[in-house]
Amino acid sequence: MEDLKKAAFHKKVSEEPFAKLLNITLKDVKEGYAVCEMEYTEQMDNIYGSAHGGAIFSLIDEAFEISSNRWHHCRGPEYQCDVHENTEKKYSFEGRV
């Protein structure tokens, strides 16, 4: 993928209101591939004090949106992932098509 297209994806994600709300950034993008990262805050806690599933799935959805919907007309995504708590308070997800 050319640098101009990559820059356009990074710009779009940095300007997207929902991605801003959840501190989601695009770390890497190629055709059929994207890595997004989310800065975790306590506002994302569930009732048990860990990351809310809605926040995690929003991160997954952002990566899926970029990796698949731009090049492929995908419907009904199937997700399989493992979420691990980390000490940096960052979560990342790698989407591939």
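Quick look at the structure, then. Only a predicted model underlies this, so the values are computations on that prediction, with no experimental measurement involved. (Residues numbered from 1 in each chain as written. Predicted model: local features only at pLDDT ≥ 70, side-chain atom pairs only at ≥ 80, totals over all residues. Heavy atoms only, no water.)

On to the overall build of the chain, then. Each helix and strand counted, the chain has three helices and three strands in total. Scanning the chain from its N terminus toward the C terminus, one meets helices and strands in the order α-α-β-β-α-β. In the chain, buried positions account for 32% of the 97 residues. Of all intrachain contacts in the chain linking residues separated by at least 6 positions in sequence, the fraction that spans at least 24 positions is 53%. (Helix = DSSP H or I, 4+ residues; strand = E, 2+ residues; numbered from the N terminus. Buried < 20%, exposed > 50% of the residue type's maximum accessible area, 1.4 Å probe, protein only. Contact = heavy atoms within 4.5 Å.)

Here we come to the side chain of Glu37. Take Glu37: it is sitting in strand S2 (residues 33–39). Looking at Glu37, the relative accessible area reads 18%, which means it is buried. The residues touching Glu37, leaving out its near neighbours within four places in the chain, are Asn23, Ile24, Thr25, Lys27, Leu59, Lys90, Tyr91 and Ser92.

So, about the pattern of salt bridges. Inspection of the entire model under this criterion finds four salt bridges. With a shortest N-O distance of 2.5 Å, Lys11 and Glu15 are connected by a salt bridge. You can see Lys11 and its partner Glu15 sitting in helix H1 (residues 3–15), four residues apart, about one turn around the helix. Taking the relative accessible area as the measure of exposure, Glu15 reaches 43% and is therefore partly exposed. Residues Lys27 and Glu37 are paired through a salt bridge, measuring 3.8 Å at the closest nitrogen-oxygen approach. In this pair, Lys27 is assigned in strand S1 (residues 24–30) and Glu37 in strand S2, connecting sequence segments 10 residues apart. Through salt bridges with shared partners, a single ionic network connects Lys27, Glu37, Glu39 and Lys90. (Salt bridge = Lys/Arg side-chain N within 4 Å of Asp/Glu carboxyl O.)

Attention now goes to the packing of aromatic side chains. Under the counting rule described, the total for this entry stands at one aromatic pair. Between the NZ or CZ atom of Lys30 and the centre of the ring of Tyr33, over which it lies, the distance is 4.9 Å. (Phe/Tyr/Trp six-rings, centres within 6.5 Å; stacked < 30°, edge-to-face > 60°. Lys NZ or Arg CZ within 6 Å of the ring centre and 35° of its normal.)

This brings us to unusual backbone geometry. Of note, the phi angle at Asn23 is positive, near 60°, even though the residue is not glycine. Within the secondary structure, Asn23 sits in the loop between helix H2 (17–21) and S1.

What follows is about helix H3 (residues 53–67). Under the 1.5 Å per step criterion, the end-to-end length of H3 is 21 Å for 15 residues, consistent within 8% with the ideal 21 Å. Of the positions making up H3, those classed as buried are Ala55, Ile56, Ser58, Leu59, Ile60, Glu62, Ala63, Phe64, Ile66 and Ser67. If you follow the buried residues of H3, they end up packed against H1, H2, S1, S2 and strand S3 (90–96). (Expected span 1.5 Å × (residues − 1).)

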